[in-house]
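# Structural overview for review
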Amino acid sequence: MNHGSKKGCGIPAWQQNRQSTDLSQPLAWGLLVRRRRFLLSSVGAMVAVGRGPYILTSSALGGEGRPSASERITIGMIGLGGHGISHNLNSFLNQPDAQIVALCDPDRSRIEEALKVCRKRLGENFTCLCTQDWREVISRPDVDAVMISTPDHWHVPMSVAAIRAGKDVICEKPTLTIAEGRILADTVRRYGAVFQTATEDRSIPVYIRMAELVRNGRIGRLQRIRVQLPAGPAQPGNPQPKPVPEGLDWDMWLGPAPWAPYREGLHMFHWRWYRDYSGGTLTDWGAHQLDTAQLANNTEHTGPVEVEGTGRRHETGLYDVFYEFHLVYRYANGVELYVDSGGTGLRFEGTDGWVGNKGWCQPLEASNPKILQTPIGPNELHLEVGPGEHRNFLDCVKSRRTPYFPAEVGHRCSTIAHIGNIAMELGRKLRWDPDKEEFLDDPMANQMRSRAMRQPWNL
């Protein structure tokens, strides 16, 4: 929609700064979307433009601490598993300027569960689009942004399609491959979209403080980073096919992944242990701890130049990712990064001491307690603690600023885990060029940067 000059046109400031996108052929399935905005007076209500007067409800005007409809950001929720509902949906329901207008999951039972959560919070009369096909969500003109909480193999295809359709995106980490991550980062940049890689770490004071101390030289020159991540499942999983549960669109769940029969140990949480859908805890938990490692090392927009390591996988059964791993990375600045399975923790070692913690969100420890008590001076680097990934995303949609964990930084973080998996798969040391994003003198490793997608899905 061409508004002409936006000055004084009554459009909220955050909408005035939003890029308009007109796509002629955004996706392989021929989805044609022209970006438009409709301001809803309430969830499920529609205003018929040009058909006479309509009643403006009290909810549209705001009141009771709730912004008016014109100042709310409408959200489509795609993926309604445990984290999608308990963390992401509930977090947006807690934001007064977020309005849920769509619920989507290939499993009807998950949609029903999400609808119950919404009605408990918003009233029994709450209604919205409920669908098992995410394409219906991104094609709607009344959706400003989408929250993607699907298995990893869907993260980039859905995000790219949503951005091409004019939506802003907050999407769970990580990417599935190096090549997909690069496509995502480039698409965000090309369309001027707001994209948040959804992790909470940049809103957790202990991790920001840890990186801040390292960046400001409190442990001297950084030499080594030690990262511990949880191990994968001890049991290999049952590979025997099972009947598809009633209400589950299994073909849509698989999407771009290779066709496979339904197996009980994949749907919901345990898809993480199968490499068609994920990279195991190395990519899952790695997206958390490796982000702080990158932030403290001041390498958010680059990566290591070398990797080697070993890992263990189940020889039989369903699950085929590395459930144990021991990796060593080297950066161009001389810093070594050690990533080991078995627990959760971070430790930064420098020429004058160390700082870190043992366990998720646990208190800081240091070689000398004085390190932890040192104030950061006014002329030193100050790292901001975010307000939470959902609040930060909403603020950035309005301001058009870059979120605290943007696509490029998330891609670089996931790439560390991906090149580690490739090194273990090939069983040899690999040299990596983070500028060109390619392995040096290793055609086989370079082929593993991407994967084919099942038709008709593609990027």
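Above this note sits the structure.
So, here's what we can say about the structure. (Residues numbered from 1 in each chain as written. Predicted model: local features only at pLDDT ≥ 70, side-chain atom pairs only at ≥ 80, totals over all residues. Heavy atoms only, no water.)

So, about the pairing of strand β8 (residues 306-312). Where β8 meets strand β9 (residues 324-330), seven bridges bridge the pair, whose relative direction is antiparallel. The residue bridging T310 from the neighbouring strand is H326, located in β9. With two bridges connecting them, β8 and strand β14 (residues 430-433) associate as antiparallel partners. Paired with V307 across the bridge in β14 is L430. (Pairing = 2+ DSSP bridges. Helix = DSSP H or I, 4+ residues; strand = E, 2+ residues; numbered from the N terminus.)

Let us now look at the state of the cysteines. Summed over all chains, the structure comprises zero disulfides. With no disulfide partner, C118 has as its closest neighbouring cysteine sulfur the one in C128, 6.0 Å distant. For C118, a relative accessible area of 0% corresponds to the buried category. (Disulfide = S-S within 2.5 Å. Buried < 20%, exposed > 50% of the residue type's maximum accessible area, 1.4 Å probe, protein only.)

Attention shifts here to the sheet that holds strand β5 (residues 168-172). A sheet is described by the order of its strands in space; here six strands give the open sequence β3-β2-β1-β4-β5-β6, paired in parallel fashion. The open sheet has two edge strands with one neighbour each: β3 (129-131) and β6 (195-198). Each neighbouring strand pair of the sheet contributes to a mean axis angle of 20°, computed without reference to strand direction. Pairing analysis gives three bridges linking strand β2 (residues 98-104) to β3, with the strands arranged parallel. What sits directly across from A102, in β3, is L129. Its contacts with the sheet place helix α6 (residues 155-164) against β1 (73-78), β4 (145-148), β5 and β6, and it is angled at close to 170° to β5. (Axes fitted to C-alpha atoms, helices over the stretch in contact; angles between N-to-C directions. Contact = heavy atoms within 4.5 Å.)

Before going further, it helps to examine the pattern of salt bridges. Taken as a whole and assessed by the stated rule, the structure comprises 34 salt bridges. The partner of R412 in a salt bridge is E408, with the nearest N and O atoms 3.0 Å apart. With R412 and E408 both in helix α14 (residues 407-426) and four residues apart, this pair spans about one turn of that helix. Neither R412 nor E408 differs from the other in exposure class; each is buried. Through salt bridges with shared partners, a single ionic network connects R182, D186, R189, E408, R412 and E437. (Salt bridge = Lys/Arg side-chain N within 4 Å of Asp/Glu carboxyl O.)

This part is about the pairing of β1. With respect to burial, β1 is a largely interior element, six of its six residues being buried. Of the two faces of β1, the one carrying I73, I75 and M77 and the one carrying T74, G76 and I78 are both buried. Summarising the sheet, β1 and β2 pair through six bridges and their orientation is parallel. What sits directly across from G76, in β2, is A102. You can see the chain leave β1, run along helix α3 (residues 82-93) and come back into β2, and the turn it takes is right-handed. (Right-handed = clockwise from strand over helix to strand, strands pointing away.)

The peptide bond linking K173 to P174 adopts the cis configuration, its omega dihedral lying at -10°. One can find P174 in the loop between β5 and α7 (178-191). Positive phi, close to 70°, is recorded for M268, a residue that is not glycine. Mapped onto the fold, M268 is located in the loop between α9 (250-254) and α10 (281-284). Here D441, not a glycine, exhibits a phi torsion of approximately 55°, which is positive. Looking at the element boundaries, D441 is found in the loop between β15 (438-439) and α15 (443-447).

Formed by 51 residues in total, the largest nonpolar core has its most connected members in V227, L337, V339, F348 and V355. Broken down by secondary-structure element, the contributors of at least two residues to this core are α8 (205-215), β7 (222-229), α11 (286-297), β9, β10 (336-341), β11 (345-350), α14 and β14. Broken down by element, this core gets its largest block of residues, nine residues, from α14. Among all residues touching V227, those that are not within four sequence positions of it are Q289, L290, A293, L337, Y338, V339, D340, G345 and L346. Counting residues in hydrophobic clusters, the runner-up holds 31 residues, among them C104, W154, C171 and M252. (Core = buried A, V, L, I, M, F, W, Y, C linked by side-chain atoms within 4.5 Å.)

Tallied over the full model, the rule gives eleven aromatic pairs. With a centroid separation of 5.0 Å and an interplanar angle of 85°, the aromatic rings of W154 and W457 are classed as edge-to-face. Of this pair, W154 sits in the loop between β4 and α6 while W457 sits in the segment after α15, and the two are 303 residues apart along the sequence. Since its relative accessible area comes to 3%, W154 is described here as buried. (Phe/Tyr/Trp six-rings, centres within 6.5 Å; stacked < 30°, edge-to-face > 60°.)

Just geometry here; none of it tells us what the structure is for.
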